[in-house]
Amino acid sequence: MQYLCLIYHAEDVGPQPGGPDFPAFMQAYQTFTQEVVEKDMLVSGNALQPVATATTVSRETGKVEITDGPFAETKEQLGGYYLLECKDLDEALVYAAKIPSAEHGRIEVRPVVVWDD
Amino acid sequence: MLPPFQLEQTINRIVREEWGRLLSALVASLGDLQLAEDVLQDAVETALVDWNRNGLPRSPASWLLQVARRKAIDRFRRDTHFRRLVPDITYLTELERSDDGPETVEEIPDKRLELIFTCCHPALDDKSRIALTLRTLGGLTTEEIARCFLDRPGTMAQRLVRAKQKIALAGIAYEVPSGERLNERLPVVLAVLYLIFNEGYSATSGKEAIRRELSDEAIRLARMTAYLLPAEPEVNGLLALMLLHDSRRATRQLGDGTLVPLEAQNRSAWSRPRIDAAVALLKSTLRQQRVGPYQLQAAISALHAEARHWEDTDWRQIAALYDLLYSLQPTPVVRVNQAVAISHADSPVAALNVIDTLADIPKIESYQPYHAARADILSRAGRRAEARESYDRAIDMAGNEAERHLLITRRDEL
């Protein structure tokens, strides 16, 4: 099964680019990514640009409406994701907990729908 | 042949006793909880008709399992959706073909432990864990569970369906976690069992008969878990703790719901067989020398149970056990109980020093047992004005009428 691990954290919390602890933080991400690659679990994964770059689009009113900013104004924002191939939820939770940002944020784990043929 | 009413009762009893075992065996071969429940329910309905016509089979449990398996095979042949869920029924059809005589119950693969770990998975919310455990392993009906929680049956049915869907869609495995994960997950299972017990024991709501049934069910489930996990002493610790609480069931509350404190309970009405069973179990468990929070709480409860009079209570040992418990579980509730023990073992003044270490903890002001215990200790230390103040707070925050009443009585005796 595939599980999407959504990485949520407050952007001003945790290691910041240019900060003294940032290189170690990036190294931890590299180590994690390497582990899931070696175990043949990584389907994909990316970090996202800060939420200030987000744009939200909708056609709910019948025409395309574009607004600046994220869909939900919350303190914790989506900062990146991993899509992992796992045996079951327990395995997905073990790896989600290893994502370095889990230390100062939260990882939401969502199973991916398998479509009927 | 049994008359229809008696037959229905017999079937209900068999279903209740064997439900968890049969359901877990079906889940293991079908891989889907909802399907397993559906075919087992179908089999029970078939039994009502068949047993009425042909009499009780030699092994009713095996009969139900075989019919349920056949129902699953029928569905598989009919239903493409089912076929996708259970990609391989070779196992089932082989079982069907080899079905010469009835298996005995003991031959049915026992997968209840796998199932209880699934039902108590931390990815499910608390209430769903409890409801699902009662439904799948306790064999309680949705209506019975709804009554326990004072929910509408429809609401409870929805909760159960959602939980089963999450298990299926999120890929929660049917397995006993191994190694380190067992250490993480066993406490969740034990917490669910203890919550079921307390739901039946505490006086917050509901009818006595239903509550009694819940406590009995929790004890039954703990026995089952202890039998299936003999290497884990905390399971027996919890079982002993439940039996000890349960031994005081008849004396802890008056007919009108008023709570009777331990010191005022009629000890001769405590259930000796329950106490003896619990103490024997605890002794053999403690011998394994892998002590944990439930074993310690049971040991404390056993010391109370073995004191013939309140005055005979071995407070020194109890205080020492709370000390140990606090080192494993440094929570305000343990601290409060430790202070109460010290107030009797040593002095109320010594106890105040212990309980007042909690004063800096955030939110302690809104923790009712803190105020109730502090009020009692203060009053025995002769600090009546402060005691009255603490009683007032504890009374304001009392969880139910019975407790409120008890605290008001004590305050007014100051």
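Position numbers for residues start from 1 in each chain and track the written sequence from start to end. Labels follow written order: the first chain is A, the first ligand is 1, and so on. Where totals are concerned, whole chains, interfaces and linings use all residues; where local detail is concerned, this predicted model gives features only for residues with pLDDT of at least 70, and gives and counts side-chain atom pairs only at 80 or more.

1. Observations concerning the overall build of chain B
For clarity, the cut-off: Under the DSSP-based scheme used, a helix requires at least four consecutive residues in state H or I and a strand at least two consecutive residues in state E, with every element numbered from the N terminus. Exposure is read from a count of other C-beta atoms within 10 Å of each residue's own; the residue is exposed at 12 or fewer, buried at 20 or more and partly exposed in between. C-beta atoms are placed from the backbone. The contact criterion used is a C-beta to C-beta distance within 7 Å, with each C-beta placed from the backbone.
Looking only at helices and strands, chain B features 20 helices and zero strands. Considered along the principal axes of its C-alpha atoms, chain B spans approximately 80 × 50 × 40 Å. Across the 414 residues of chain B, 40% fall into the buried class. Considering only residue pairs separated by 6 or more positions, chain B has 61% of its internal contacts joining residues 24 or more positions apart.

2. Overview of the interface of chain A and chain B
Interface size is commonly expressed as the accessible area that is lost once the parts come together. Stated formally: Only Asp, Glu, Lys and Arg are considered charged in this grouping, and only Ala, Val, Leu, Ile, Met, Phe, Trp, Tyr, Cys and Pro are considered nonpolar; every other residue, Gly among them, is considered polar.
Each partner contributes residues to the interface: chain A has five residues there, and chain B has six residues. Classifying every residue of the side of chain A that touches chain B gives three nonpolar, no polar and two charged.

3. Overview of the packing of helix α14 (residues 293–306) of chain B against helix α15 (residues 315–328) of chain B
Residues and elements named next belong to chain B. Let me state the cut-off plainly: Only the stretch in contact is used when a helix axis is fitted, and all axes are lines through C-alpha atoms; the angle between N-to-C directions ranges over 0 to 180 degrees. Any angle that is under 35 degrees is reported as roughly parallel, and any over 145 degrees as roughly antiparallel; angles of 65 to 115 degrees are reported as roughly perpendicular and all others as oblique. Note on convention: the crossing is left-handed when the near helix lies turned anticlockwise from the far helix by less than a right angle, right-handed when the turn is clockwise.
Remark: α14 packs on α15, axes separated minimally by 10 Å, with the N-to-C direction vectors making an angle of 165°. Considered as vectors, α14 and α15 are oriented roughly antiparallel to each other. Crossing handedness for the pair α14 and α15: left-handed. Contacts between α14 and α15 pair Pro293, Leu296, Gln297, Ala299, Ile300 and Leu303 from the former with Gln317, Ile318, Leu321, Tyr322, Leu324, Leu325 and Leu328 from the latter.

4. Observations concerning the domain arrangement of chain B
The cut-off we apply is this: Where each domain begins and ends follows an automated or database-derived domain assignment.
What the domain assignment reports for chain B is domain 1 (4–103), domain 2 (111–219) and domain 3 (343–414). On a C-alpha basis, the centres of domain 2 of chain B and domain 3 of chain B stand 34 Å from each other.

5. So, the sheet that holds strand β5 (residues 76–85) of chain A
All names here are of chain A. Just so we agree on the cut-off: Strands are treated as partners if at least two bridges between them are detected by DSSP.
Pairing in this open sheet of four strands is antiparallel, and the strands run β2-β5-β1-β6 from one edge to the other. At either margin of the open sheet sits one strand with a lone partner, and together these are β2 (42–47) and β6 (106–111). Geometrically, the sheet is characterised by an average inter-axis angle of 20° between neighbouring strands, direction not taken into account. Alignment of strand β1 (residues 2–10) against β6, held across six bridges, turns out to be antiparallel. Looking at β6, one finds that Ile7 is bridged to Ile107.

6. So, unusual backbone geometry
Comment: phi is negative for the bulk of residues other than glycine, and the bulk of peptide bonds are trans. A positive phi is found at A:Asp40, a non-glycine position, where the angle reads about 60°. Relative to the elements of secondary structure, A:Asp40 occurs in the loop between α1 (22–38) and β2. With phi around 55°, B:Gln289 is a residue other than glycine that occupies positive phi space. On the secondary structure map, B:Gln289 appears in the loop between α13 (272–286) and α14.

7. Quick notes on α1(A)
Where we set the bar: How far a helix is expected to stretch is found by multiplying one less than its residue total by 1.5 Å.
Helix length check: α1(A) (17 residues) gives 24 Å between terminal C-alpha atoms against 24 Å at 1.5 Å per residue, within 8%. Positive backbone phi, approximately 60°, marks A:Asp40, located one or two places after α1(A).

8. Considerations on the pairing of strand β3 (residues 55–58) of chain A
Residue and element names in this part refer to chain A. Alignment of β3 against strand β4 (residues 65–68), held across four bridges, turns out to be antiparallel. Among the inter-strand pairings, Ser58 is bridged to a residue of β4, identified as Glu65. Taking the residues between adjacent antiparallel strands as the criterion, β3 and β4 are bridged by six residues, where Gly62 takes a positive phi near 105°.

9. Overview of the environment of B:Ile73
Residue and element names in this part refer to chain B. Considering the arrangement of structural elements, one finds Ile73 in helix α3 (residues 60–78). Judged by C-beta crowding, with 18 C-beta atoms within 10 Å, Ile73 ranks as partly exposed. Separated by 34 residues in sequence, Ile73 and Val39 have C-alpha atoms that sit 9.8 Å apart.

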